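So you can see what is in the structure, the chains are spelled out below.
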Amino acid sequence: MATLRVPASVPPADEDCGQLRKAFAGWGTNEALIIQILAHRNAAQRKLIREVYAATYGDDLLKDLDAELSSDFQRAVLLWTLDPAERDALLAYEATKRLTASNWVIMEIACTRSSQDLFKARQAYHARYKRSIEEDVAYHTAGDFRKLLVPLVTAFRYEGDDVNMTLAKSEAKLLHEKISEKAYNNDEIIRILTTRSKAQLNATLNQYNNEFGNAINKNLKDDPKDEYLKLLRATIKCLTSPERYFEKVLRLAINRVGTDEWALTRVVTTRAEVDLQHVKEEYHKRNSVPLDRAIAGDTSGDYEKMLLALTGHGDL
């Protein structure tokens, strides 16, 4: 369920391009006009705008936006303007670099995208960086993290709703057995989490809960400081309840001392056309504050206006 509000009547792409060019002209950039256009166009419309802009002016819209804007607002606009597969490729690339390394972002992309979308992100990564996501993930991670993350980013899960209950029961028992042994990096745990469809995993984990009286993540809290166990729990949450996972990312980004703008921007720009409405509902339920009010209280200026537009609360 998307949150993004697109006007009932959208101007043709060449008109949008002319307005964007006008926003860049003169001494100061017209940020409000950029938000008014780009924040209210869907992925297909934004892609067409980029193509028409290049054909009309011989310039790359992304490079012009990069030159004209700055700070968190710049990053939000650039991430949003990218094609979703290009955006995921960029985020994955950043997540393997030393200064911006994040096993969580790699896991998030691998677990919350559809099989087709993850495949497109891997293709976009090939095209832009001349190597594969799995190659970089394998090179920049080690040990249990590598063992989990490489099969996650290479997965192509079945997307249907068909479930094998006999398999769900046997794999729930297998998971419980390995977790009871504290064999958290066991090949069978990794195999189940990195290959089974999301519907099958939900059935298996419901069976686990019913059979053993505990949600699986409660049994994975043996050592609260263990970073691998934290990532394993987050993987399970991403695969089974992405809206709860993203609510927590947003809550931690907003409530910490000094907002985590990278996390806030990443979640809003990547989920606005997917499931941000569900995330907003989860956020309100968990925090008793609407997400747009939390964002408005923690951000300012054009950055705030851009995020609020993407969450469906900006002015058209």
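The model shown is predicted, which means the values in this text are computed figures rather than measured ones. (Residues numbered from 1 in each chain as written. Predicted model: local features only at pLDDT ≥ 70, side-chain atom pairs only at ≥ 80, totals over all residues. Heavy atoms only, no water.)

Let us now look at a positive patch on the surface. Side chains of K218, K221, K248 and R286 sit close together on the surface and give a patch of like positive charge. Relative to the helices and strands, K248 resides in helix α15 (residues 242–255). A relative accessible area of 38% means that K248 is categorised as partly exposed. (Patch = residues over 30% accessible without salt bridge, like charges linked within 9 Å, V, L, I, M, F, W, Y side chains within 5 Å. Areas by Shrake-Rupley, 256 points an atom, 1.4 Å probe, with all protein chains shown as cover. Salt bridge = Lys/Arg side-chain N within 4 Å of Asp/Glu carboxyl O. Lys, Arg positive; Asp, Glu negative; His and termini not counted. Charge placed at Lys NZ, Arg CZ, Asp CG, Glu CD. Helix = DSSP H or I, 4+ residues; strand = E, 2+ residues; numbered from the N terminus. Buried < 20%, exposed > 50% of the residue type's maximum accessible area, 1.4 Å probe, protein only.)

As annotated by UniProt and renumbered to match this structure, "binding site: Ca(2+) 3" (unreviewed entry) occupies D298. Take D298: it is sitting in helix α18 (residues 291–298). When residues no more than four places from it in sequence are discounted, the contact partners of D298 are A253, I254 and T259. A distance of 2.3 Å separates the side chain of D298 from the side chain of T259, its partner in a polar contact. (UniProt positions renumbered as here; feature names shortened; annotations may be inferred. Contact = heavy atoms within 4.5 Å. Polar contact = N/O pair within 3.5 Å; in protein donor to acceptor, adjacent residues only side chain to side chain.)

So, on to the domain arrangement of the chain. We note that the domain assignment places domain 1 (11–68), domain 2 (82–152), domain 3 (163–238) and domain 4 (240–309) within the chain. Taking only C-alpha atoms into account, the centre of domain 1 sits 28 Å from that of domain 2. Domain 1 puts five residues into the contact, and the matching count from domain 2 is five residues. Contact between domain 1 and domain 2 buries roughly 330 Å² in total, counting both sides, with carbon and sulfur atoms accounting for 43%. Run the count over domain 1 and domain 2 and you get one salt bridge. Across the domain 1-domain 2 interface, the total number found is one residue pair in polar contact (both at pLDDT 80 or more). With four residues, helix α3 (residues 43–57) is the largest single contributor of residues to the side of domain 1 that touches domain 2. When the residues that make up the side of domain 1 that touches domain 2 are grouped by side-chain class, the tally is two nonpolar, no polar and three charged. (Domains from an automatic or database assignment. Buried area = accessible area lost by both parts, 1.4 Å probe. Nonpolar A, V, L, I, M, F, W, Y, C, P; charged D, E, K, R; others polar.)

Moving on to the UniProt feature "binding site: Ca(2+) 1" (unreviewed entry) in the chain. On the UniProt side, "binding site: Ca(2+) 1" (unreviewed entry) is annotated at positions that read F24, G26, G28, E68, I254, R256, G258, A296, T299 and E304 here. The greatest C-alpha distance among the annotated residues, which extend across 281 residues, is 38.7 Å, indicating that they are dispersed rather than converging on a single site. Among the annotated residues just listed, those lining the largest pocket are R256. Take E68: it is sitting in helix α4 (residues 61–68). Taking the relative accessible area as the measure of exposure, E68 reaches 31% and is therefore partly exposed. Filtering out sequence-adjacent residues up to four positions away, E68 remains in contact with F24 and T29. A polar atom in the side chain of E68 sits 2.6 Å from the side chain of T29. Assignment of secondary structure puts E304 in helix α19 (residues 301–310). Ignoring anything within four residues of it in the chain, the contact list for E304 reads A296 and T299. (1 Å grid on protein atoms, 1.4 Å probe; cavity = no way out; pocket = protein on both sides within 12 Å on 5 of 7 lines; lining within 4 Å.)

Moving on to empty space enclosed by the protein. Counted by the stated rule, this structure contains four cavities of 30 Å³ or more. Its volume calculated, the largest cavity comes out at about 50 Å³. Every residue along the wall of the largest cavity is listed here: A110, R113, S114, S115, L118, A155, F156, R157, E159 and K198. In terms of residue class, the lining of the largest cavity is made up of four nonpolar, two polar and four charged. (Points joined across faces, edges and corners; volume = space filled by probe spheres on them.)

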